[in-house]
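This is what each chain is made of:
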Amino acid sequence: VAPDFEMTVPTTPFDDFPDGGDLVGPSLRLVVGAGGLVTEGLSLRNMLADLADKRSRAAAAAAADDPDASHGDAAAPKLTFDIDPGSIVHVGDTYVCQWAAKISVVCDGSVVVSVSHLGMAKCTFAPDNRLATTTLRYDVLAFTHILAEFAEEPTLVATRQAFRDA
């Protein structure tokens, strides 16, 4: 990435504030430099750990309700991003594409839960071909509902602390 790299992303329930980036609008954050990308990655990792903890607590509660049923041991959720090469549009130094984020859990060797969410990305490159800017957009409210369902929590979460405590 370029030394002055900037990425704008929507605010989400799993953001770490204020270290997760500066707010640049009512619903956008600005992530700056390689250090900001590392912080963003750690925030995603923490969100996945929170999801694993919630699913583990839900499985333990289900096992207490029905001790004869098999609830299996689930691994930590895995996050992947897929880009359809046919969705990429390129003009000058700018690329735009659709992406799909997929969160899945493997239990006893097979995928037991998988959710995905679509978004758009716009990237520009510096003259030396390093990534200069990235803009990610997606429906945060729908993503929040998906996370709540994935975590087997029926309530909508609004803040990182509420997300952790739910």
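### Things to note about the confidence of the model for the protein chain
In step 1: Across the protein chain, the average pLDDT comes to 77, with 72% of residues at 70 or higher.
In step 2: Per-element averaging of pLDDT across the protein chain places helix 3 (residues 160-165) at the bottom with 50 and strand 5 (residues 89-91) at the top with 94.
In step 3: Predicted confidence for residues 156-160 stays below pLDDT 50, and this span has 16 contacts to residues more than four positions away or in other chains.

### Re the environment of Ala52
In step 1: Structurally, Ala52 is set in helix 1 (residues 33-65).
In step 2: Residue Ala52 is classed as partly exposed on the basis of its relative accessible area, which comes to 24%.
In step 3: It is 6.2 Å that separates the C-alpha atoms of Ala52 and Pro77, two residues lying 25 residues apart in sequence.

### Description of the nonpolar core
In step 1: Formed by Met47, Leu48, Leu51, Ile103, Val105, Val113, Val115, Phe143, Leu147, Phe150 and Ala151, the largest nonpolar core amounts to eleven residues.
In step 2: When sequence neighbours within four positions are dropped, the list of residues in contact with Phe150 reads Leu51, Arg55, Pro77, Ile103, Ser104, Val105, Val113 and Val115.

### Topic: the side chain of Thr94
In step 1: Secondary-structure assignment places Thr94 in strand 6 (residues 94-107).
In step 2: For Thr94, a relative accessible area of 18% gives the class buried.
In step 3: Within polar-contact distance, the side chain of Thr94 engages the side chain of Asp93 at 3.1 Å.
In step 4: Among residues more than four places away in sequence, those in contact with Thr94 are Val89, Lys122, Cys123 and Thr124.

### Structural notes on unusual backbone geometry
In step 1: In this structure, Asn129 takes a positive phi of about 70° despite not being glycine.
In step 2: Of note, Asn129 is situated in the loop between strand 7 (110-125) and strand 8 (131-138).

### Considerations on the side chain of Thr134
In step 1: Secondary-structure assignment places Thr134 in strand 8.
In step 2: Ignoring any residue separated from it by four or fewer positions in sequence, one finds Thr134 in contact with Phe5, Glu6, Met7, Thr8, Lys122 and Cys123.

The rules behind these values
- Residues numbered from 1 in each chain as written.
- Predicted model: local features only at pLDDT ≥ 70, side-chain atom pairs only at ≥ 80, totals over all residues.
- Heavy atoms only, no water.
- pLDDT = per-residue confidence, 0-100.
- Helix = DSSP H or I, 4+ residues; strand = E, 2+ residues; numbered from the N terminus.
- Contact = heavy atoms within 4.5 Å.
- Buried < 20%, exposed > 50% of the residue type's maximum accessible area, 1.4 Å probe, protein only.
- Core = buried A, V, L, I, M, F, W, Y, C linked by side-chain atoms within 4.5 Å.
- Polar contact = N/O pair within 3.5 Å; in protein donor to acceptor, adjacent residues only side chain to side chain.

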